[in-house]
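A closer look at the structure
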Amino acid sequence: MARFEPAALPELLPVFYRRLFPHGPYGRWLSYGGVVKNYFQLREFSFTLRDDVYLRFQSFGSPQELERELQKINPYKIDIGAVYSHRPNQHNTVHLGAFQPQEKELVFDIDMTDYDDVRTCCSSADICSKCWTLMTIAVRVIDRALVEDLGVRHRLWVYSGRRGVHCWVCDDAVRKWSPALRAAAVEYLSLVKGGADTVKKVNLSHPVHPFIRRSVGVVEKYFEEYALLGQDILGSPEKWDKVLALIPEEHREPLQAEFPRKKDSVQRWELLRARAERERARAAPCHADWELMLHFCFPRLDINVSKGLGHLLKSPFSVHPKTGRISVPLDLQRLDQFDPFAVPTITSLCQELDNASSDGEQEEVGETEPKRRARDYKRTSLAPYVRVFEQFVEGMESARRGERIRQSDLQGDF
């Protein structure tokens, strides 16, 4: 893929917003079927313009008005906020204290930089195929818990465009959750505790909670690939000493003596795990292997991002200004095959449109603007990601229709 040059962004953004931004399903998503009058109009958007000009509390009368504004100002970044009591662009005209967020999706923002203490291949904003496994694990662990433990149905997982993933939980009831409920949900889903100065960040108590047991089941599917092969966490005395510092002292000395006799991280891990399993077989509360797997691989969540209704999160399908990559929805059925480096960039998409136009294909006579736009994006590498998004929106709409039918049938019984 050609290297993206941020200097080209002002030239490419107008093409992207005019021809490729997913228009129909995007407006339907944020309107939620009109469950509340003026729902879309009460939604906050924020824009980051060139030279870091930041515009908050933008709002629009319709998705079409939003589209026109995007084409007019070409923002470098688009963030979505809460649904407010009054139109956000009129917040300065409302009495003090009356302008309040009413509801918002429960969101998670998982950033690779929070894993810098457990990855050696990259650091800071850099990522590679080895450490991207951490994002795959995060999605698997959190999504399973949302569905099976918290009863959530409608989740949209999105690649951020650079070094992380976002989740939008869109169930009607969840969007109305208070900050206290949101904080409780994130606390339930959190396990890695402590800052940079904390050596041991996972401490399990006995009996182990079912959520943790099921999370271990997810992590262990990826642990060898990520930690033992990719990061080689037991590959040298210096490395394994750091790992052994995280387990109980009574197991540390025997393993330090036996590790040099093993040839690699995989064999040393098998030794450590066998010791922990023998202890559990004797009904001793030893979970050193589980604690290590979770320490290195468990999702790291920022409670402040998720609990506040006023927090904004990058819009799906926006362009990352540093990488040029599009923030695309993730297909959970193909999550293990997702490659962040193969995601379309604004440069590649504009080239695809140019190539398609040069093929000499003629526009249909009387073709409407929505049809032309649909034809445009379907001829680019963005098409499968838009389809994932459409399926998500269609799933919510189908559930909403089913609920209306159910309510109608119940009323008919009286």
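Owing to the predicted nature of the structure, the values given are computational and were not obtained by experimental measurement.

1. Comments concerning the overall build of the protein
When you go through the protein residue by residue, the secondary structure sums to 15 helices and eight strands. Here the protein has a C-alpha radius of gyration of 24 Å; the compact-globule value for 414 residues is 22 Å, and the two agree. In terms of overall dimensions, the protein has C-alpha extents of about 75 × 65 × 45 Å along its principal axes. For the protein, the proportion of its 414 residues judged to be buried stands at 51%. In the protein, the share of contacts with a sequence separation of at least 24, taken over all contacts with a separation of at least 6, comes to 68%. Entry remark: accessible area of the protein is about 19800 Å², with carbon and sulfur atoms responsible for 49%. Considering the protein, the positive charge centre built from 59 side chains and the negative charge centre built from 59 side chains are found 2 Å apart.

2. With respect to the packing of helix α7 (residues 210–230) against helix α11 (residues 288–297)
Running from N to C, α7 and α11 point in directions that differ by 70 degrees, and their axes come no closer than 9 Å. The angle between α7 and α11 places the two elements in the roughly perpendicular class. The residues of α11 that touch α7, namely those facing Ile212, Arg213, Val216, Val219, Glu220, Phe223 and Tyr226, are Trp290, Leu292, Met293, Leu294, Phe296 and Cys297. Along the lines of polarity and charge, the residues of the contact of α7 with α11 split into 11 nonpolar, no polar and two charged.

3. Description of the pairing of strand β7 (residues 164–169)
β7 sits mainly inside the fold: six of its six residues count as buried. Taking every second residue as pointing to the same face, both faces of β7 are buried, with Gly164, His166 and Trp168 on one and Val165, Cys167 and Val169 on the other. For strand β6 (residues 155–159) and β7, the ladder comprises five bridges, and the chain directions are antiparallel. Paired with Val158 across the bridge in β7 is His166. From the end of β6 to the start of β7, which pair antiparallel, there are four residues, and Gly161 there has a positive phi angle of about 105 degrees.

4. Describing the pattern of salt bridges
Using the criterion set out here, one finds 26 salt bridges in the structure. For Asp336, the salt bridge is made with Arg140, and the minimal N-O distance between the two is 3.5 Å. Here Arg140 lies in helix α4 (residues 129–148) and Asp336 lies in the loop between β8 (313–314) and α13 (346–358), a separation of 196 residues in the sequence. Residue Asp336 is classed as partly exposed on the basis of its relative accessible area of 44%. Bridged by salt links that share partners, the residues Glu220, Arg273, Glu277, Arg280 and Asp289 form one connected network.

5. Section: unusual backbone geometry
With omega at 0 degrees, the peptide bond leading from His206 into Pro207 counts as cis. Residue placement: Pro207 occurs in the loop between α6 (179–188) and α7. Phi angles above zero are rare outside glycine, and Phe317 is one such case at about 75 degrees. Relative to the helices and strands, Phe317 is located in the loop between β8 and α13.

6. Details of the sheet that holds β6
In spatial order, the strands read β5-β7-β6; together these three strands make up an open sheet with antiparallel pairing. On the outer flanks of this sheet lie β5 (106–111) and β6, each paired with one strand and no other. Across the sheet, the axes of successive neighbouring strands diverge by a mean angle of 15 degrees, strand direction being ignored. Pairing geometry for β5 and β7, over six bridges, is antiparallel. Looking across to β7, one finds that Ile110 is bridged to Val165. With respect to the sheet, α4 is in contact with β5, β6 and β7, its orientation differing from that of β6 by roughly 170 degrees.

7. Quick notes on α7
Counted at 1.5 Å a residue, the expected span for α7 with its 21 residues is 30 Å, and the 28 Å between its end C-alpha atoms agrees. At Phe223, α7 is bent by approximately 55 degrees, the largest bend along its length. Buried residues of α7: Phe211, Ile212, Ser215, Val216, Val218, Val219, Tyr222, Phe223, Tyr226, Ala227, Leu228 and Gly230, and no others.

8. Quick notes on α11
For α11, the tally of buried residues reaches 10 of 10 residues, placing the bulk of the element in the interior. What α11 keeps buried is the set Ala288, Asp289, Trp290, Glu291, Leu292, Met293, Leu294, His295, Phe296 and Cys297. Where α11 is buried, its residues meet α4, α7, α8 (237–244) and α10 (265–281).

Conventions used here
- Position numbers for residues count from 1 along each chain, tracking the sequence in the order it is written.
- For this predicted model, a pLDDT threshold of at least 70 governs which residues receive local features, and a threshold of 80 or more governs which side-chain atom pairs are given and counted, while totals over whole chains, interfaces and linings are taken from all residues.
- Each side-chain value is derived from all of the structure's non-hydrogen atoms; neither hydrogens nor water enter the calculation.
- A run of DSSP states H or I qualifies as a helix once it reaches four residues; a run of E qualifies as a strand once it reaches two. Both are numbered from the N-terminal end.
- Restricting the calculation to C-alpha atoms gives the radius of gyration, and the globule rule supplies 2.2 Å times the number of residues raised to the power 0.38.
- Think of it in three bands: with a 1.4 Å probe and only protein chains considered, a residue is buried below 20% of the maximum accessible area for its type, exposed above 50%, and partly exposed in between.
- Note on definitions: a residue-residue contact is assigned when non-hydrogen atoms from the two residues lie within 4.5 Å.
- Calculation of accessible area relied on Shrake-Rupley with a 1.4 Å probe; when residues are assessed, cover is drawn exclusively from the protein chains displayed.
- Under the counting rule used here, the positive set is Lys and Arg, the negative set is Asp and Glu, and His together with the chain ends is not counted.
- Charged side chains are reduced to one point each, which is NZ for Lys, CZ for Arg, CG for Asp and CD for Glu.
- To obtain each axis, a line is fitted to C-alpha atoms, and for helices this fit is confined to the stretch in contact; angles are then taken between N-to-C directions over 0 to 180 degrees.
- What sets the label is the angle itself: under 35 degrees gives roughly parallel, over 145 gives roughly antiparallel, 65 to 115 gives roughly perpendicular, and the rest give oblique.
- Classification used: nonpolar for Ala, Val, Leu, Ile, Met, Phe, Trp, Tyr, Cys and Pro, charged for Asp, Glu, Lys and Arg, polar for all others including Gly.
- Only strands that DSSP links by at least two bridges are regarded as paired with each other.
- The salt bridge criterion pairs a side-chain nitrogen of Lys or Arg with a carboxyl oxygen of Asp or Glu, the two atoms within 4 Å.
- Residue count minus one, scaled by 1.5 Å, sets the expected span of a helix.
- A residue's bend is given by the angle between axes fitted to the 7 residues ending at it and the 7 residues starting at it.

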